[in-house]
Amino acid sequence: MSALRVSGLRKAYKDVVAVDGIDLDVRSGECFGLLGPNGAGKTTTIEICEGLTTPDAGDVEVLGMRWASDATALRQRLGIQLQETQLTEKLTVIETVRLFRSFFDRGPLPQDAVALVQLEEKSDARVGALSGGQKQRLALACALVGDPDLLFLDEPTTGLDPQARRQLWDLIDTFKSAGRTILLTTHYMDEAERLCDRLAIMDRGKVIARGSPFELVASLGLEHVVEFSTAAAGDRIDVDALRRLDGVRDARAENGTVRLQATALHRVLPTLLDELSRQALPLTELRTRSATLEDVFVALTGRHLRDE
Amino acid sequence: MSERAPRTIPVEIRAGRLGIRGQPIVQLTLTRIREFLREPEAVFWALLFPILLTTGLGIAFRSRPVDVVNVGATDPGLAESLRRQPALAVTTFAPEHGHEALRAGKVALLAGRAPNGSVVFEFDDTNPDARAARSLADDAVQRAAGRRDPVAVQDRLLREAGSRYVDFLVPGLVGLGIMSNALWGLGFSIVDARRRHLTKRLLATPMPRRDYLLSYLFWRMLILWAEVGVPVGFGVIAFGVPVRGSLFDLVVLCVLSSLSCSALGLLLASRARTIEGISGLVNLVQVPMWIVSGVFFSARRFPAVVQPLITALPLTAIVDALRAHMLQGASLAQLAPQLGVLSGWLFVCFALALKLFRWR
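These numbers come from a predicted model, not from an experiment.

Cut-offs and rules
- Sequence positions are assigned chain by chain, starting from 1 and proceeding in written order.
- Throughout, the order in which chains and ligands are written sets their labels, letters from A for the former and numbers from 1 for the latter.
- With the structure being a predicted model, the display of local features is reserved for residues of pLDDT at least 70 and the display and counting of side-chain atom pairs for 80 or more, all residues being used for whole-chain, interface and lining totals.
- Counting from the N terminus, the helices are the DSSP runs of H or I reaching at least four residues and the strands are the DSSP runs of E reaching at least two.
- Whether a residue is buried, exposed or partly exposed is read from the other C-beta atoms within 10 Å of its own C-beta, which are placed from the backbone; 20 or more gives buried, 12 or fewer gives exposed, and intermediate counts give partly exposed.
- By definition, residues are in contact whenever their C-beta atoms, placed on the basis of the backbone, come within 7 Å of each other.
- Based on C-alpha atoms, the radius of gyration is set beside the globule rule, defined as 2.2 Å times the residue count to the power 0.38.
- Geometry is summarised by axes, namely lines fitted to C-alpha atoms with helices restricted to the contacting stretch, and by angles between N-to-C directions that run from 0 to 180 degrees.
- Orientation categories follow fixed angle ranges, with anything under 35 degrees roughly parallel, anything over 145 roughly antiparallel, 65 to 115 roughly perpendicular, and all other angles oblique.
- Should the near helix be turned counterclockwise from the far one by less than a right angle, the crossing is left-handed, whereas a clockwise turn marks it as right-handed.
- Each residue receives one of three labels: charged for Asp, Glu, Lys and Arg, nonpolar for Ala, Val, Leu, Ile, Met, Phe, Trp, Tyr, Cys and Pro, and polar for the others, Gly being one of them.
- Should DSSP find at least two bridges between two strands, the strands are taken to pair.
- Expected helix span is computed as 1.5 Å times (number of residues minus one).
- Per residue, pLDDT captures the predictor's confidence, and it can take any value from 0 to 100.
- Bend angle per residue: angle between axes fitted to the 7 residues ending at that residue and the 7 residues starting there.

### Some points on the overall build of chain A
- Scanning chain A from N- to C-terminus turns up eleven helices and 14 strands.
- Summarising its shape, the C-alpha atoms of chain A cover approximately 70 × 45 × 35 Å along the three principal directions.
- The 308 residues of chain A split such that 46% are buried.
- When contacts within chain A are restricted to residue pairs at least 6 apart in sequence, those whose partners lie at least 24 apart make up 68%.

### Observations regarding the overall build of chain B
- The number of helices and strands found in chain B is 13 helices and five strands.
- For 360 residues, the compact-globule estimate of 2.2 N^0.38 gives 21 Å, and chain B exceeds it by more than 25% at 31 Å.
- Principal axes of the C-alpha set define a box for chain B whose edges measure 115 × 50 × 40 Å.
- When each of the 360 residues of chain B is scored for burial, the buried share is 37%.
- Expressed as a percentage of contacts within chain B between residues at least 6 apart in sequence, the contacts between residues at least 24 apart total 74%.

### Re the environment of Gly64 of chain A
Residues and elements named next belong to chain A.
- In this structure, Gly64 sits in the loop between β4 (57–62) and α2 (67–77).
- Judged by the 12 C-beta atoms lying within 10 Å of it, Gly64 falls in the exposed class.
- Taking C-alpha positions, Gly64 is 31 Å from Lys14, a pair spaced 50 residues apart along the chain.

### What about the packing of helix α5 (residues 132–144) of chain A against helix α6 (residues 162–177) of chain A?
Residues and elements named next belong to chain A.
- The contact between α5 and α6 brings their axes to 9 Å, and the two run at 20°. Between α5 and α6, the angle is such that the two are roughly parallel. Pair α5 / α6 crosses with right-handed handedness. Contact residues: Gly132, Gly133, Gln136, Arg137 and Leu140 in α5; Ala164, Gln167, Leu168 and Leu171 in α6.
- Among the residues making up the contact of α5 with α6, the classes are represented as four nonpolar, four polar and one charged.

### So, the pairing of strand β11 (residues 224–230) of chain A
Residue and element names in this part refer to chain A.
- Note: β11 against strand β13 (residues 257–262), six bridges, orientation antiparallel. Opposite Glu227, over in β13, you have Arg259 as the bridge partner.
- Here β11 pairs with strand β14 (residues 283–290) via seven bridges, running antiparallel. Residue pairing across strands places Val225 opposite Arg289, the latter belonging to β14.

### Topic: the sheet that holds strand β2 (residues 16–27) of chain A
Residue and element names in this part refer to chain A.
- Judged by pairing direction, the sheet is antiparallel, and its three strands sit side by side in the order β2-β1-β4 without closing on themselves. Each edge of the open sheet carries a strand with a single partner, namely β2 and β4. Adjacent strand axes in the sheet meet at a mean angle of 15°, parallel and antiparallel pairs treated alike.
- Here five bridges tie strand β1 (residues 2–13) to β4, and the two strands are oriented antiparallel to one another. Looking at β4, one finds that Arg5 is bridged to Glu61.
- Running over the sheet, helix α1 (residues 42–49) touches β1, β2 and β4 and is turned about 125° from β1.

### A word on the pairing of β1 of chain A
Residues and elements named next belong to chain A.
- Relative to β2, β1 runs antiparallel, the two sharing nine bridges. Opposite Arg5, over in β2, you have Asp25 as the bridge partner.
- Counting the residues between successive antiparallel strands, the hairpin from β1 to β2 contains two residues, one of them, Lys14, with a positive phi of roughly 45°.

### Brief notes about helix α6 (residues 165–195) of chain B
Residue and element names in this part refer to chain B.
- Compared with the 45 Å implied by 1.5 Å per residue over 31 residues, the 43 Å span of α6 between its first and last C-alpha is a close match.
- Along α6, 26 of the 31 residues are buried, which leaves the element largely enclosed by surrounding structure.
- Within two residues after α6, His197 carries a phi angle of roughly 65°, on the positive side.

### Section: the sheet that holds strand β10 (residues 206–211) of chain A
Residues and elements named next belong to chain A.
- With mixed pairing, the six strands of this open sheet are ordered in space as β5-β7-β8-β3-β9-β10. Both edges of this open sheet fall to β5 (78–81) and β10, since each of them pairs with a single strand only. Taking the axes of each pair of neighbouring strands and ignoring which way they run, one obtains an average angle of 15° across the sheet.
- Examined bridge by bridge, strand β9 (residues 198–203) and β10 share five bridges and lie antiparallel to one another. Across the sheet, residue Ile201 finds its bridge partner in β10, namely Ala209.

### Topic: the interface of chain B and chain A
- In this assembly, 31 residues from chain B lie in contact with 35 residues from chain A.
- In terms of residue count, helix α1 (residues 24–37) of chain B provides more of the side of chain B that touches chain A than any other element does, five residues in total.
- When grouped by side-chain class, the residues that make up the side of chain B that touches chain A number twelve nonpolar, eight polar and eleven charged.

### Some thoughts on the confidence of the model for chain B
Residues and elements named next belong to chain B.
- Mean pLDDT for chain B: 86, with 91% of residues reaching 70 or above.
- Low confidence marks residues 1–8, where pLDDT is under 50. Its contacts with residues over four positions away, or in another chain, come to ten contacts.
- Our summary of model confidence lists the complex with pTM equal to 0.78 and ipTM equal to 0.84.

### Focus on helix α10 (residues 275–292) of chain B
Residues and elements named next belong to chain B.
- For α10, which comprises 18 residues, the first-to-last C-alpha distance of 26 Å matches the rise-based estimate of 26 Å (1.5 Å per residue) to within 8%.
- At Asn283, α10 is deflected by roughly 25°, the largest bend along its length.
- Where the residues of α10 are buried, they touch α6, α9 (247–268) and α12 (314–328).
- Downstream of α10 by one or two residues, Gly294 has phi in the positive range, about 80°.

### What about the environment of Pro270 of chain A?
- Tracing the chain through its elements places Pro270 of chain A in helix α10 (residues 265–278).
- Separated by 151 residues in sequence, Pro270 of chain A and Leu119 of chain A have C-alpha atoms that sit 53 Å apart.

Shown next, in the form of structure tokens:
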């Protein structure tokens, strides 16, 4: 059963096409991710689904309802966390949650919602005194006070330190295991890999790939990435020769680092080392790792997720 | 990292268990009050500043005691006679110095003796002080010479409250406070929430939008008691400013005044995205009214052509109505024109604000 169905979505701002014909199908109980660099149209897409932005064209069906006719009923059943909201700094944590709780017909008690995001110790602290991670957890509590059937999280861990990110991921895991449907946007490939059952990779207003993280990585037809750097200047490396090696799919040189997409490490590594000594290139660094969503994005667009 | 085991989602509970405090309008109004009280500067400007202003201006323009007039005498005997009149401060001069003092304005009148023995008063008859001095000096000289009044006269002195500058000023400052607090209070608070994307976040909840705007009006109503009570109470206690109309009428008048100013504030804040933007708008609307609406001096001083325009301004209506109520004891029926102007502003501004209000 679908919790969210989007088809033919289009939205343009003046001369910029933010969303250019997007179809999505989020199943009930799954965590679905929109992964893409900044400016890919993720936020516009999620805000259209949240009923905050009106699309120029396309159809959006949320929990079997539509914004045009069922906005009031829909609002009661959605939990929303926006990317750039700054909550009132003069209120305390519990006062903020109580305020948001008052808007919903049903849901947990304010103190239970605070406990849910592990902010009990900070219950009476002013919002202005919270750390970035604590503020983000408070935003999550405000999204959860209505006991939502569908949770929208827009870049939930952007700007957080690694520990705060892991803590937030654990919380989101808890909601997943409770069977909640989540739609989240992120430009962190590790976040998408860690949290999402399925995802759509977005770039320039379009979905360029979709599937589970495993499927997406497998679709590249490669299992490994070999990265190395040499003491020599980048332009001395014969990248074409590397590309022709047995078991190598593709090779790219970038900022002095060469990245090979490889299918079988045991065949690639010996031939690579032979080739490097033939080109008389002294190796300074060599790494191998499994392919990631980042590599999927690079393979599809030739750019990195973090490129602005 | 937290060591705690993952929690399960707590049991769902109906809003009814949260009682009246679970109502959006209650929570939103509480938020307004908390934001205000936790901002000490806002409390200062809203409540203490009017007291300081009233005190300062009240002292500067207080009614002075009866002035003593400086006069000069060139004859010691005359000086002696003049000193019996307490309203005259007498200095004795040599004749040449006396004329110098008169020309320099150090004395308003110079008394001397003519060679034939008659008394000569030298003074400028276009100067009211000098004319008063002439009559006082003449009286003193005649009495000293043994004059008896044929008719007995008694003086009864009146210092009427309600006709001093401070009486004029206090209603003006109360009106100014109502307007200024409403415009700044709503303007800043709403634009700040919009700037922080908080209004957009609230829009994403099932919050009734009407409740959000209403919470600002309720908050103004709750602060109004202090906003009006503090300066009026201070004026009554410290300066004996009269409140001649009924308390009920005063409450109605202040509530309507505050509501129409809040609606104006809502309208100004309906689109602005930055604090600089809203500050400019509020000043643009407010500063001209400070000058023309008769807060510090009578609006009647402006030319007759602009009087209809001035009368239609909300601050003029508030200040005129407050003065008529406090100083002349006017009833609501007598204040109908001002109440009409205020209702007009309330209706038009609120309707426009609802239409124009931008949540994001």
